[in-house]
Structure formats: C-alpha cells, structure tokens
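The lines below spell out each chain.
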Amino acid sequence: MKKIKIIPILIIFSILIFSISVSAFGIIHEKLENIINYLNNDNEDIYSCIDTSNTVLSDNINTYMGRVEIAYKILKSSYMQNGKAQVICNTVTIIDGKEIVRGEAYFDFIEINNTFILTDTDLFSLFKKTNNEEREEQTPHKSFMNFISHFRNGDIETYDYIDNSNIELANNIDKYIENIDITCSDMDIDKIGNDKYKIECEINAKGERWSTSGFKVEFKLMKQDNKYVIYETNLFEIIGPENIANFAIKLVGIIVLLSIVLPFVFFIVIFITIKKHKNKIENTFSNNSYEEIIDNKIEEDYQSDNNFNNDNPIKYE
C-alpha cells in the first residue's frame, strides 16, 4: 500500500517540476525576444536586461546596437536548478544593411530578484569572425573549398558562400546539410566573365542510404565583397537517392536498348553486304553468257601460257 501512495506523489512532483521549467522557459524566451528587439532598434532599455558588470558584453552591445537586424530560431533551452539557464539559437544577422552573418549562438541567463538577465553570449564573436574573414581577400578556389568544408561539416557558414538571392540553391543545401559527406578532386578553374569563374571537379559524396562518385560537377562563382559565392551548380541534379535512382533507370534503359538495337543493326549490315555481293554476281552474268565467260577464261589462260613460254623459252642441249 505504501508503494501505491508513493507513485502518485512522484507523479505530482514531476508535474510540478515540469510546470516550473516550462514557466521559466517562457520567461527566458520572452526576455531573449526583448533583448533582440532592443538591440535591433537601438533601445537603451537593453541595459536593464543584461549583466552590466560584464564589460565585454556591454562593449559589444555599444558597438552593434542599432547597426544590426537579427532574426533567430531557438534550437534548445536548458534550465538548471541554481537559477541559471541557456538558450541556443540559429541566428541570421544583417550588419549595416549589407553584411549577412549566419551562425549558432548561445545566450546565458541567470535569475536575480525573480527576473532573468543576460550574463554572456557568443553572438558577437560571429560578427568578429566574419569581419576578419571579409578583410582577407579570398580566391575562387579558397571560397569554394570553404563552402565544401562547411557543407561537409554541417556548418551554418555554408550559406555565406552561396548567392543569397538563389532560393532554390539554399533550399537544396537545407535538404542535405545535416547528413552529407562530400569531397572534390581533379579540379579545373576557368574564368568565364568579370569576377566570375567556373569550377569543375570530380565529386565523391554519400548520405543516408545513398552514395555517388566519379561524376563531374560544375560550380559557377561570382565575387561578392571580398569573397566568391556560388550562384549556380548542377550538384543537386546528381547527388541524392532520387537522382541516383533516375540515373540507374536511364543506364539500364540504355543497356536494354543497345541489346536490342545492336543485333538488329548487325543483321542489316550483313543483309546489305550479301545483297550487294549477289547483285554484283548477277550483273556479271547478265552482261555475258555463260559460254562467253568460259571462252574468255580459256583465252585468258591461253594468253597467259604463251606469254610465259615467250619469256622463258625451252633450251635443248
């Protein structure tokens, strides 16, 4: 009987803990939304939401407040019983109306006087990392290899190396970025226009229940700011289970077609050859009677013997 009484108590306790966590997450998410809005709109109320004793955090907010437009998507939230919490987000930021930065960032909170304040974040390190990369002039080859590396590792920085106006390309990357292993070899780079290049390479790629290798893939790049971005590629026409299945079906179809066509062509060639030979014989017999052909043959042999005897007279001792 004691065990039966304990079980409901445990259930009630678990529900209470869950309710407290959900309530805390709601408060934290609302606080994060306020901070982002304040940062986007150059609102000094942001300082009431952060730990001002963290001078690095305060300096970063001073530097970027009003210069950024931040959009975010919460990936994970965790709450600890000591009043600390962390929210991890995917972020997309436009800096000064032109520079786009994407990356995963964490936001640390702590509960003080029944409210949560932001104590730390690595959001601004994404901006500094991008600024350093932008200052470094990149070649088409380096930008392309950065794209392949980020794509293979599932990094959100992959999107920094594609043309943002190509929605279809971005959607294709969304489809494969979380589960792809891709390498390139035998690379050729050609200039095709003003600050535009074409890269052809041999692709080896695999994902969940599919793999492909040995195909030549084309990437077209153009210069944006200090790096090159991909604006067109046929990569996604080759990789993936659907494309591989379509290629296999086409290959089998070609093999079946050739197995039917080649014997037929061979038969036609043999038939034409025999027909031509037969016509030649018929034409020969139609122009000369059989007796004339025999007489001509005898005459040819006779003349041949006479010529031989004249050239080689018999000598008597």
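So, a few notes on the structure that sits alongside this text. Computed from a predicted model, the values in this text were never measured in an experiment.

What counts as what
- Residues numbered from 1 in each chain as written.
- Predicted model: local features only at pLDDT ≥ 70, side-chain atom pairs only at ≥ 80, totals over all residues.
- Heavy atoms only, no water.
- Pairing = 2+ DSSP bridges.
- Helix = DSSP H or I, 4+ residues; strand = E, 2+ residues; numbered from the N terminus.
- Axes fitted to C-alpha atoms, helices over the stretch in contact; angles between N-to-C directions.
- Patch = residues over 30% accessible without salt bridge, like charges linked within 9 Å, V, L, I, M, F, W, Y side chains within 5 Å.
- Areas by Shrake-Rupley, 256 points an atom, 1.4 Å probe, with all protein chains shown as cover.
- Salt bridge = Lys/Arg side-chain N within 4 Å of Asp/Glu carboxyl O.
- Buried < 20%, exposed > 50% of the residue type's maximum accessible area, 1.4 Å probe, protein only.
- Core = buried A, V, L, I, M, F, W, Y, C linked by side-chain atoms within 4.5 Å.
- Contact = heavy atoms within 4.5 Å.
- Phe/Tyr/Trp six-rings, centres within 6.5 Å; stacked < 30°, edge-to-face > 60°.
- Lys NZ or Arg CZ within 6 Å of the ring centre and 35° of its normal.
- Polar contact = N/O pair within 3.5 Å; in protein donor to acceptor, adjacent residues only side chain to side chain.

### Let's talk about the sheet that holds strand β8 (residues 227-233)
Pairing between the strands of a sheet comes from backbone hydrogen bonds, and it takes one of two forms, parallel or antiparallel. Strands sit in the order β5-β6-β7-β8 across an open sheet of four strands; the sheet is antiparallel. Looking at which strands have only one partner, the edges of the open sheet turn out to be β5 (181-193) and β8. On average, each strand axis in the sheet is tilted by 30° relative to the strand beside it, whichever way the strands run. As paired elements, β5 and strand β6 (residues 196-207) share ten bridges and run antiparallel to each other. When the sheet's bridge partners are listed, Lys191 is paired in β6 with Tyr197.

### Some details on the sheet that holds strand β1 (residues 68-79)
Taken in spatial order, the four strands of this open sheet run β1-β2-β3-β4, and their pairing is antiparallel. Unpaired on one side and paired on the other, β1 and β4 (115-121) mark the two borders of the sheet. For this sheet the average axis-to-axis angle between neighbouring strands, irrespective of direction, equals 30°. In this structure, strand β3 (residues 99-112) lies alongside β4, joined through six bridges in antiparallel fashion. Opposite Phe109, over in β4, you have Leu118 as the bridge partner.

### Topic: a nonpolar patch on the surface
A cluster of nonpolar residues, Ile260, Val261, Phe264, Val265, Phe267, Ile268, Val269, Phe271 and Ile272, forms a patch on the protein surface that exposes about 840 Å² of accessible area. Among the structural elements, Ile272 can be located in helix α6 (residues 241-287). On the accessibility criterion, Ile272 (40% relative accessible area) is partly exposed.

### A closer look at the nonpolar core
Grouped together as the largest cluster of nonpolar side chains are 31 residues, with contacts concentrated most on Phe144, Phe147, Phe151, Ile173, Phe219 and Leu235. Among the secondary structure elements, those contributing two or more residues to this core are α4 (140-153), α5 (167-176), β5, β6, β7 (210-224) and β8. The element that contributes the greatest number of residues to this core is β6, accounting for five residues. Residues contacting Leu235, with those up to four places away along its chain left out, are Phe151, Ile182, Ile203, Val217 and Phe219. Listed in part, the 30 residues of the second largest apolar core include Tyr38, Cys49, Leu123 and Phe124.

### Section: the packing of aromatic side chains
The tally for this structure, following the rule as stated, stands at seven aromatic pairs. Between the aromatic rings of Phe147 and Phe151, the centroid separation amounts to 5.6 Å while the plane-to-plane angle is 25°, which identifies the pairing as stacked. Highlighted residues: Phe147 and Phe151, both in helix α4, separated by four residues, approximately one helical turn. A cation over an aromatic ring shows up here: Lys196 above the ring of Tyr231, its NZ or CZ 5.2 Å from the ring centre.

### A word on the side chain of Thr158
Position of Thr158 among the secondary structure elements: in the loop between α4 and α5. Residue classification places Thr158 among the buried positions, given a relative accessible area of 0%. There is a polar contact of 3.2 Å between the side chain of Thr158 and the backbone nitrogen of Phe151. For Thr158, the contacting residues outside a window of four places in its chain are Phe147, His150, Phe151, Ile173 and Ile177.

### Topic: the pairing of β7
Relative to β7, β6 runs antiparallel, the two sharing twelve bridges. Each residue of the ladder has a partner; that of Glu202, found in β7, is Lys216. Connecting β6 to the next strand, β7, in antiparallel fashion are two residues, including Arg209 with a positive phi near 65°. As judged from the six bridges shared by β7 and β8, these two strands associate in the antiparallel manner. Counterpart to Met222 in the pairing with β8 is Val229. With antiparallel pairing between neighbouring strands as the criterion, β7 and β8 make up a hairpin whose turn holds two residues, including Asp225 at a positive phi of roughly 60°.

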